[in-house]
Each structure stands twice: as C-alpha cells, then as structure tokens.
Amino acid sequence: MFSSFLGGGSHAKTPNLFPAPEHFPPEAYFGELEPQDTEWAAVNSNFVVETQTWYSVLEDGQCLSVQILHSHVGLWYPQIQLNFMLYTPGTKTKLWKSINVTNFSTPPARAPSSETPYDKRSSSSDQFTCLHSMDAGSGDETYQINAKLDDDVQVVLSFVRRAGCKGFKLGKGPEGGVTAFGKSRDAKERDGFVVHRFWPRLHSEGQVIVKGQLVDAKGEGAFIHAIQGMRPNLVARTWNFILFQSAQHGGAAGIQMEFETTSSYGLASRPDGPHGVKINIGALVLNERLVSVSASTQYPGADASSNSGANAAEHRALVRDEETTYDVPTEVRYVWDGAAIGAGAEGKKVAGEVVLPLGGWRKEEARGLVEKVDVLAAIPYFVKKVVNAVAGAKPYIYQYLNPATLTIEVPEGIDGVESGKLTIAGTAFTEQSYVSQ
C-alpha cells in the first residue's frame, strides 16, 4: 500500500478513468508475469512512487515486511528508502525501521560475482543488497535480501516463489494491471497510472537480528511490485489490502488490493458525497497453486449500473474515530469471485470470502490492531514539506494481524485442486488506508 506523498488537483468533469478490470474480459484476468514486469522502472520524473514489498507471516506468529521505496516528488533527485517492520502479537510490540539509502543502483552495483549478470529485478545500495535469481531446474524464483538498518537491526532473508504457484498481473501484455487516469489509456497522453504485480504466495526463511537476538524468519507471505505514476491524493481517497496465508490444504492464500478514486477522476456523479470508483484486484491460492484471479469495478450512486465483477472489501458497522475523524469499520467482509485457472477450469469460477471482526477504534477495543499509523508523522522531512502545502491532507493507515477463516468454493474437475466448499484457518494481515475524507 502507498502511504506516501500528497498534492493538489482539480475536479474533473469528463470521463477520465480507465480501470484495469474493464480493459480485459474476466476469463482473461490472469496475466502471467514476464521478467520485465518486476524490473525497477526507477522513473526520475515528478510524482512517481515505486515500491517492492515482501510480506511474511512467520511460523511463530510474528509478521514482517520489507519494502524498498523509490520516489520522485518534484525535488531535484529521487529519494530511496528501506522500510522494515516486525510485529510480535504475543507482546503487541512493533519494530519499525525506515532509513534513507545511498548509492542506490539497479542493476546492482555491489552484487557478488556471478556467471549470469543480475538484471533490473535486483538492486543494491550502501545499506542493502536485493538479488533476484531463478533456479533453472525447478523454476523457483528467489529474492535474497541482506540489509543493515542500523547497529541494532540486520536482516538476512530469502523469499521464494515456487514454480507451481504463478505470479500474476491483471491481464496480459504491457498494459496488464494498469489503471489509467486522464482522457486516454495511452501512456503518452494519460495524466497518470497505477499498476500492481503480485506473487500471491511465497516462502520466507533466514534471520532477523535485533540487538543480537535471532528471529527465525521461516514463514509464508507475498510479494507486490507497485508503481503509482501520479500524485497519490489524486489517485485514491482510500485503500484496502488483505493478505491471508495458511498451511492448510497444501498451502492456501488470498490476496486483494482495492482503492477508491477521488472526486477528480471517474464517471460517478457522486450525488451523496465524496464517493469514488472502487477498483479491486485479487487472487486465491489452493494446494500451492494459483486457482483464480478476480477483479471488480464498483461505481457509486447513479452510475452503479456500470459495475463489473463481485470482488469487494465491504466495510461494516462503521464508527467515527475521534482521533482521526475517519469513519472506520468494526468488521470487514472480503469477497473474491473469478474465473478458475488451470487444466479443466474453462467456464468455471472460484469464490472466496473472509469476514474479519476488528472491534472498535480505541486500542483497548480493537482486535489485532498492529498500529494506527499517522503517515505525516512517519514520512521524511523533505516529503512533509510538500505535503504540508496541501490543506486537509491527513492520511492514516490502520494495520491489523488476526487469525482468520477463508471459505473457498471450488468446482469439480480442475486438475490438481481440491473441490467443494473448503473452510481454511489461517492468518490475515490487513490494512485500511485513508488519504482524505
């Protein structure tokens, strides 16, 4: 999820939004990743934010994430950050480190010698190396990350996508996964874009060293490469994200990313307030295989007849957070509904659901609250100077880690996958992000 840099914009009066789910038929939503899809673009132009983020729910119940963030927010040169989070639910403590890195390079400038040179899926700096490789025999892909965040925190981590569980984008080709903003989808004419590419399930191993103490990083998670080619406050007013992981049924996962556009972009007339168009992309994994990629576009008010797809992150029983003034859910229902993938899948659909109670907005009432992140308090000074020029900008991210149950309905006849209505116990890491009212 992007939690970064904000700016101003004007209210649009013409159709100027081209959602990724409307660019491809539902049966063609699965676009297998190509090598260039997860290469660093590292664009050095105004208001482009790019991230590579790895998540893992560890076997001991902890949750970690590693993120490399490349941003250009209208200053003279790009800023690159390395972010690390480790949450321990037993003690309800969150370790967070964010550092500016120096001498960033992609392909890496400081990679160890290799017969095969590293490409732009790998990167390095004075503070870290992130090296991508593929096993020619098994087809497994690996990111190896070595980093020193400070004298107290170092990480030596591997994130492995097994060949049987495909990575994906929404639709094939260079426009796969791209939502375009402006009067055209054309890259030369649009105002901006958003794109996400996913590994919905991976396996982590290695160590996190915190003040000399070792944390075993064995677990399961996901990888997301995202680019936001536009000021974030013009892209979305809210974001929703869920990562569900389970070792049951041979390895299961559910991932979903949703954002709601601002009043600057979209066809919606919004007669009842500042509601935008919701664009949702998700996937389900079963038996360590990608079994469905799904998506939806949901329009508010009078434009609801244009809706497509059933994916949703439905906020229920809203309450007003008196600290942030946002209306936040006490329960979220996540829904997946999309075409099945694999031999024997033609014409069949896979559906999934997670219902997640979250409790109240106060810390003592919340269920599984990791942190309520005040983004303006967390971002670097140079970015804050840009943000502070925008009246009313007050982004918050609500992060949760909870036990959860994923219900999947799988039709018969899909090769190598269980069928029927399956109830799967696991863990869900979720975020609800609010950029503006």
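As a reminder, the structure under discussion sits directly above these lines.
First, a word on scope: everything that follows refers to the structure included in this document. Every chain's residues receive numbers from 1 upward, in the order its sequence appears when written. Given that the model is predicted, a residue must reach a pLDDT of at least 70 before its local features are reported, and side-chain atom pairs must reach 80 or more before they are shown or counted; all residues, however, enter totals for whole chains, interfaces and linings. Think of the side-chain values as coming from all heavy atoms in the structure, minus any hydrogens and water.

Details of the overall build of the protein chain
Next, step 1: Across its full length, the protein chain carries three helices and 25 strands.
Next, step 2: Counting only residues that meet the buried cut, the protein chain has 56% of its 437 residues in that class.
Next, step 3: Any pair of residues with heavy atoms lying within 4.5 Å of one another is described as a contacting pair. Sequence separation of 24 or more characterises 62% of the internal contacts of the protein chain that already satisfy a separation of 6 or more.
Next, step 4: Note on areas: Shrake-Rupley, 1.4 Å probe, and residue coverage restricted to the protein chains presented here. A total of about 17,800 Å² of accessible surface is found on the protein chain, and carbon and sulfur atoms cover 49% of it. For the purposes of this entry, the term helix denotes a DSSP run of H or I that reaches at least four residues, the term strand denotes a run of E that reaches at least two, and both are numbered from the N terminus. The rule is simple: take the accessible area with a 1.4 Å probe, protein chains only, and divide by the maximum for that residue type; under 20% is buried, over 50% is exposed, in between is partly exposed.

Observations concerning the pattern of salt bridges
Next, step 1: Take a side-chain nitrogen of Lys or Arg and a carboxyl oxygen of Asp or Glu: if they are within 4 Å of each other, that pair is a salt bridge. Taken as a whole and judged by the stated rule, the model has 23 salt bridges.
Next, step 2: In this structure, the salt-bridge partner of glutamate 371 is lysine 94, at a minimum N-O distance of 2.6 Å. With glutamate 371 in strand S23 (residues 369-374) and lysine 94 in strand S6 (residues 93-100), this pair connects stretches of sequence that are 277 residues apart.
Next, step 3: Residue glutamate 371 is classed as partly exposed on the basis of its relative accessible area of 32%.
Next, step 4: The class for lysine 94 is partly exposed, based on a relative accessible area of 23%.
Next, step 5: A salt bridge links lysine 372 to glutamate 323, with the shortest nitrogen-to-oxygen separation between them at 2.6 Å. Of the two residues, lysine 372 is situated in strand S23 and glutamate 323 in the loop between strand S20 (312-320) and strand S21 (327-339); the sequence distance between them amounts to 49 residues.
Next, step 6: Judged by relative accessible area, which is 56%, glutamate 323 ranks as exposed.
Next, step 7: Because the salt bridges share partners, they merge into one network encompassing Glu314, Arg316, Glu331, Arg333 and Glu353.

Considering the packing of aromatic side chains
Next, step 1: Think of it this way: a Phe, Tyr or Trp ring, Trp meaning its six-membered ring, pairs with another when their centres are within 6.5 Å, and the plane angle makes it stacked under 30 degrees, edge-to-face over 60, tilted otherwise. Going through the model one piece at a time under the given rule, you end up with 14 aromatic pairs.
Next, step 2: In this structure an aromatic cluster arises from ring pairing among Trp54, Tyr143, Phe159, Trp199 and Phe223.
Next, step 3: Cation placement over rings: the criterion is NZ of Lys or CZ of Arg within 6 Å of the ring centroid and within 35° of the ring normal. Across from the ring centre of tryptophan 199, 5.7 Å away, lies the NZ or CZ of arginine 161, which sits over that ring.
Next, step 4: A cation over an aromatic ring shows up here: lysine 394 above the ring of tyrosine 326, its NZ or CZ 5.7 Å from the ring centre.

Description of the pairing of S6
Next, step 1: Pairing analysis gives eight bridges linking strand S5 (residues 79-88) to S6, with the strands arranged antiparallel. By the bridge assignment, asparagine 83 is partnered in S6 with serine 98.
Next, step 2: Hairpin geometry of S5 and S6 is characterised by an intervening segment of four residues between the two adjacent antiparallel strands and by a positive phi of about 55° at lysine 92. Any two strands with at least two DSSP bridges between them are considered paired.

Functional significance is not addressed by these values, which are geometric in nature.
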